[in-house]
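# Observations on the three-dimensional arrangement
Read off the chains here:
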Amino acid sequence: MTPDILLGRLDASALPWHEITEAENRLQLLSGIVGLAAALLAVVAALAVAAILTRRRGWGPLWRDWATSLDHKKIGIMYVVVAFAMLARGVAEAAVMRLQQALGADGGGILTPDHFGQLFSTHGTIMIFFVAMPFLTGLINFVMPMQIGARDVSFPLLNSVSLGLTVAGAALVMISLVIQPFSTGGWSGYPPFTEISFQPGAGPDYWIWAVTLSSLGSTLSGINFTVTIYKERCEGMRLMRMPMFCWTSLCTSILMIFAMPPLTVATGLLALDRYLGFHVFTNDGGGNVMLFANLFWLFGHPEVYILILPAFGVWSEVFSTFSGKGIYGYFTLVLATMCIAVLSFTVWVHHFFTMGQSADLNAVFGIATMTISIPTGVKIYDWMLTMYRGRVRITVPMVYAVGFLFLFVLGGMSGVLLANPSIDFQVHNTLFLVAHFHNMLIPGTLFGMIAGYTLWFPKAFGFRLDDRWGYRAAGLWIVGFILAFFPLYLLGLMGMPRRLVGFFEEGWLPLTLAALAGAGCIVLAVIALGVQLAVSIRRREALAVPVGDPWDGRSLEWALPAPAPEWNFPTDPVVNGRDAFMQLKRQGGHLDRPEGGFGDIRVPRESAIGPIVAVAGTAAGFALTWYIWWLAALSVAVIVGAMIARGFVRDAWRTIPAATVEAHWTAWRALADATPRVRRSDELRPANRGHAVPAAEERST
Ligand SMILES: [Cu+2]
């Protein structure tokens, strides 16, 4: 069949009810109904958001204040919104997969193998590229410039373009839920299974373009953050005075610069194979599939540290803040972070120990892998010693942090086991591995991101998150994680393969049922996070912390009002030590009225380039997936045209007059002076208006 000029290879078989109308048995019918329900859910959710925006006249403000904004704080918040929206889908898919595996005994269940394959592929792709990555990019975007005393990132427009690329990738995965199918090749998209001769449909192409768009965005973010940390630090903010979160952001950003391009190359070459009949990865055509494995894991292993290091930064801030102490072993934490970043590039072969390389090579990569546990262990001890003899407050971020400490160490130990090639031969491709990496990524990355979200939410919106619902969500996450993934370790040891749609081994059933219960708890945890947000918005008067320092913070972002103004600092701060804001507070001060008076502040003017990239990027990915060549050409032309047009924009900056800054600062300072200070024991009560009694003072009274 030659592709249609207008619609390419898009036809009725792509519609979400196709599987139902074509169903030949009960299983196919059930599977089709699940797929249709998911598609409907996505469409209804999108329509509901559109309806609410229309009713509240939100489109104008959404465009003016958010979509086109180049403010690093707003871009950061938008990244986190994308992450939460995609998290809802990723967790729902996980629950459906657990349901299938619990019902899958004796060939039962609700999903066809093909549908199940699409589910674990979208789940992995979404969780890595469209939950974890946007979440950490959003947190770094929001927090890091304030922590180093900067006004913005180095390249604000590029920042918006990166967000646009990430949104385009996410949108493409969402569209694949309605205009089906997605790839069944897993999140790593291994050829030859993803080559055109094995999967001729649109699925792998969706995967290729979604991943390519988002990895381009991440490369650009990495460059942007690295340059920002090197160039935009305020006076006195030497590298060894930076908060730990900035250090981990820096190492993560450098990893992004070096690890993302191999992925882009891998997906690009796979596209050449699929679209133009190249044979880069086909063995019988003169190519080599191992080339893909090497390229993919040269990205994929550092990627796990791209995901974990920002969380390590959050944990450092959380342990130190809620223990009322400076971080223990600052220098060793910095060193450990750098060691992890470097070592992460030396271990990728452990992802294919069983693919036939020599035993010596496996031994080298096994040992390299195990050495990563040394700097990681250093970090664990530093965090524990930060709590030692501190005045620890068990707040919501601390609940996640303590859960992390216990669970992450367990997951790390299963990692050391897997690093041994001979053990890996026994358990590879079983659920043991699935348990291991979820054990690292959920308590490690995801708990860290949620803890960071809870910690910095007041700085973004001016009010705290409700802590009762916060505890409930944290408890459900921890219990749900344990129930869902510990059984998988056992199932893996019992020999249950990963990605299994059905089985005939009765002994596995009780454990798959336990895992299903765990998945249920995690679904409830995500719902609890939603309720928490709704409750907090309703109670925002009681939870307001306008003065801006609700947790007796130590780094510079807490010196700013909440929400932080567009220009961050009224004048460039000067720092003369670590824990810059804590030092100021010890000297009895806030950021004082600038001696030279206030000056005009230049901020980047709003730009439509980011949203244009988001829309045209989505269209380009969709068009390439379905061979709609005119649309592909048009969308690329729009992006290139927008870039050229941008070159002619002369007034890219906007000035905020000194009077505005002064009025804002004076009002905030008056509020701060009139607001009673609150002890840390009262920080969860309405008395907390964001004006903390510093730890040092509290001890002396
Ligand atoms: Cu690895």
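Criteria and thresholds
- Residues numbered from 1 in each chain as written.
- Predicted model: local features only at pLDDT ≥ 70, side-chain atom pairs only at ≥ 80, totals over all residues.
- Heavy atoms only, no water.
- Helix = DSSP H or I, 4+ residues; strand = E, 2+ residues; numbered from the N terminus.
- Rg over C-alpha atoms; globule rule 2.2 N^0.38 Å.
- Buried < 20%, exposed > 50% of the residue type's maximum accessible area, 1.4 Å probe, protein only.
- Areas by Shrake-Rupley, 256 points an atom, 1.4 Å probe, with all protein chains shown as cover.
- UniProt positions renumbered as here; feature names shortened; annotations may be inferred.
- Donors = N, O, S within 2.8 Å, 3.2 Å for Na, K, Ca; no water.
- Expected span 1.5 Å × (residues − 1).
- Polar contact = N/O pair within 3.5 Å; in protein donor to acceptor, adjacent residues only side chain to side chain.
- Core = buried A, V, L, I, M, F, W, Y, C linked by side-chain atoms within 4.5 Å.
- Contact = heavy atoms within 4.5 Å.
- Phe/Tyr/Trp six-rings, centres within 6.5 Å; stacked < 30°, edge-to-face > 60°.
- Lys NZ or Arg CZ within 6 Å of the ring centre and 35° of its normal.
- Axes fitted to C-alpha atoms, helices over the stretch in contact; angles between N-to-C directions.
- Parallel < 35°, antiparallel > 145°, perpendicular 65-115°, else oblique.
- Left-handed = near helix turned anticlockwise from the far one by under 90°.
- Nonpolar A, V, L, I, M, F, W, Y, C, P; charged D, E, K, R; others polar.
- Patch = residues over 30% accessible without salt bridge, like charges linked within 9 Å, V, L, I, M, F, W, Y side chains within 5 Å.
- Salt bridge = Lys/Arg side-chain N within 4 Å of Asp/Glu carboxyl O.

### Comments concerning the overall build of the protein chain
Counting secondary structure elements, the protein chain contains 22 helices and two strands. Rg of the C-alpha trace for the protein chain: 25 Å, near the compact-globule value of 27 Å for 701 residues, within the 12% margin. Here the protein chain holds 701 residues, and 57% of them are scored as buried. When the accessible surface of the protein chain is summed, it comes to about 28200 Å², and 68% of that surface belongs to carbon and sulfur atoms.

### A word on the UniProt feature "domain: Cytochrome oxidase subunit I profile" (unreviewed entry) in the protein chain
Per the UniProt annotation, the sites labelled "domain: Cytochrome oxidase subunit I profile" (unreviewed entry) are residues 53-576. Measuring from the first to the last C-alpha atom of residues 53-576 gives 47 Å, for a span that is 69% helix and 0% strand.

### Side note on the coordination of the copper ion
Distances from the copper ion to its protein donors, H301 (ND1), H350 (NE2) and H351 (NE2), fall within 1.7 to 2.0 Å. Look at H350 and you get buried, because its relative accessible area is 15%.

### Side note on helix α4 (residues 72-103)
Here α4 spans 46 Å end to end across 32 residues, near enough to the 46 Å set by a 1.5 Å rise per residue. Of the residues that open α4, the one with a side-chain oxygen 2.9 Å from the backbone nitrogen of K73 is D71.

### Examining the nonpolar core
Residues F312, W315, W383, Y400, W456, W477 and W626 are the most contacted members of the largest nonpolar core, which totals 170 residues. Top contributing element to this core by residue count: helix α9 (residues 289-323), with 18 residues. Those residues in contact with Y400, other than ones at most four positions away along the chain, are W315, F447, I450, A451, A473, A474, W477 and L529. In terms of nonpolar packing, the next biggest core, distinct from the first, is built from eleven residues, W567, F598, I656 and A658 among them.

### Concerning the packing of aromatic side chains
The relative placement of two aromatic rings is captured by the distance of their centres and the angle of their planes. Overall, the coordinates contain 40 aromatic pairs when judged by the stated rule. With 5.1 Å between their ring centres and 65° between their planes, F432 and Y489 make a pair best called edge-to-face. Of the two residues, F432 is situated in helix α15 (residues 431-461) and Y489 in helix α16 (residues 467-493); the sequence distance between them amounts to 57 residues. By the burial criterion, F432 is buried, and Y489 matches it. Note on F486 and Y489: the rings are 6.1 Å apart at their centroids and 50° apart in plane angle, and the pair reads as tilted. Of this pair, F486 and Y489 both sit in helix α16, three residues apart, roughly one helical turn. Clustering of aromatic rings is evident, with ring pairs tying together F129, F130, W187, Y190, F281, F292, F296, W297 and F299. Geometry around Y627 places R9 over its ring, the cationic atom sitting 3.8 Å from the centre.

### Digging into the packing of α4 against helix α17 (residues 509-538)
Running from amino to carboxyl end, α4 crosses α17 at an angle of 160°, the nearest separation of the two axes being 9 Å. By the angle class used here, α4 and α17 are roughly antiparallel. Both α4 and α17 take part in a crossing whose hand is left-handed. On α17, the residues that touch F84, L87, V91, A95, R98, L99, Q101 and A102 of α4 are L509, T512, L513, A515, L516, A519, I522, V523, V526 and L529. Split by residue class, the contact of α4 with α17 holds 15 nonpolar, two polar and one charged.

### Brief notes about the packing of helix α5 (residues 113-147) against helix α6 (residues 156-178)
Contact geometry of α5 with α6 gives a least axis separation of 11 Å together with a crossing angle of 160°. In terms of their interaxial angle, α5 and α6 are classed as roughly antiparallel. The two elements α5 and α6 cross, and the hand of that crossing is left-handed. Here T122, I126, F130, P134 and N141 of α5 come into contact with α6, specifically with N159, T166, G169, A170 and V173.

### A word on a nonpolar patch on the surface
A contiguous nonpolar patch, built from L6, L7, W630, L634 and V638 and spanning about 490 Å² of accessible area, is present on the exposed surface. In this fold, W630 is placed in helix α20 (residues 629-646). For W630, a relative accessible area of 44% gives the class partly exposed.

### A short note on the environment of L307
Looking at where L307 falls in the secondary structure, it is placed in helix α9. By relative accessible area, L307 is classed as buried at 0%. Taking the C-alpha atoms as reference points, L307 and F135, separated by 172 residues in sequence, lie 9.5 Å from one another. Sequence-distant contacts of L307, that is, excluding residues within four places in its chain, are made with I128, A132, M133, L136, L441 and T445.

### Quick notes on the pattern of salt bridges
Opposite charge on two side chains allows them to pair when their charged atoms are near. Summed over all chains, the structure comprises 16 salt bridges. With a closest N to O distance of 3.3 Å, K73 and D71 form a salt bridge. We note that K73, like D71, is buried. Linking R654 and E566 is a salt bridge whose minimum nitrogen-to-oxygen distance equals 2.5 Å. In this pair, R654 sits in strand β2 (residues 653-656) while E566 sits in the loop between α17 and α18 (580-586), placing the two residues 88 residues apart along the sequence. In the salt-bridge network here, residues are joined through shared partners; they are R9, D205 and R274.

### Describing unusual backbone geometry
Residue P181 follows Q180 across a cis peptide bond; omega there is 5°. With phi around 60°, R389 is a residue other than glycine that occupies positive phi space. The residue R389 is located in the loop between α12 (373-387) and α13 (396-418) in this model. A relative accessible area of 74% places R389 in the exposed class. For N429, which is not glycine, the phi torsion reads 60° and is therefore positive. Structurally, N429 is set in the loop between α14 (421-427) and α15.

### Regarding the environment of F142
Take F142: it is sitting in helix α5. Each C-alpha atom, one on F142 and one on L500, is 40 Å from the other, the two residues being 358 residues apart in sequence. Beyond its immediate sequence surroundings of up to four residues, F142 is in contact with H72, K73, G76, I77, W456, K459 and A460.

### Quick look at the environment of I639
You can see I639 is positioned in helix α20. Overall, the relative accessible area of 21% leaves I639 in the partly exposed class. C-alpha separation for the pair I639 and I609, spaced 30 residues apart in sequence, amounts to 8.3 Å. Those residues in contact with I639, other than ones at most four positions away along the chain, are A616 and G617.

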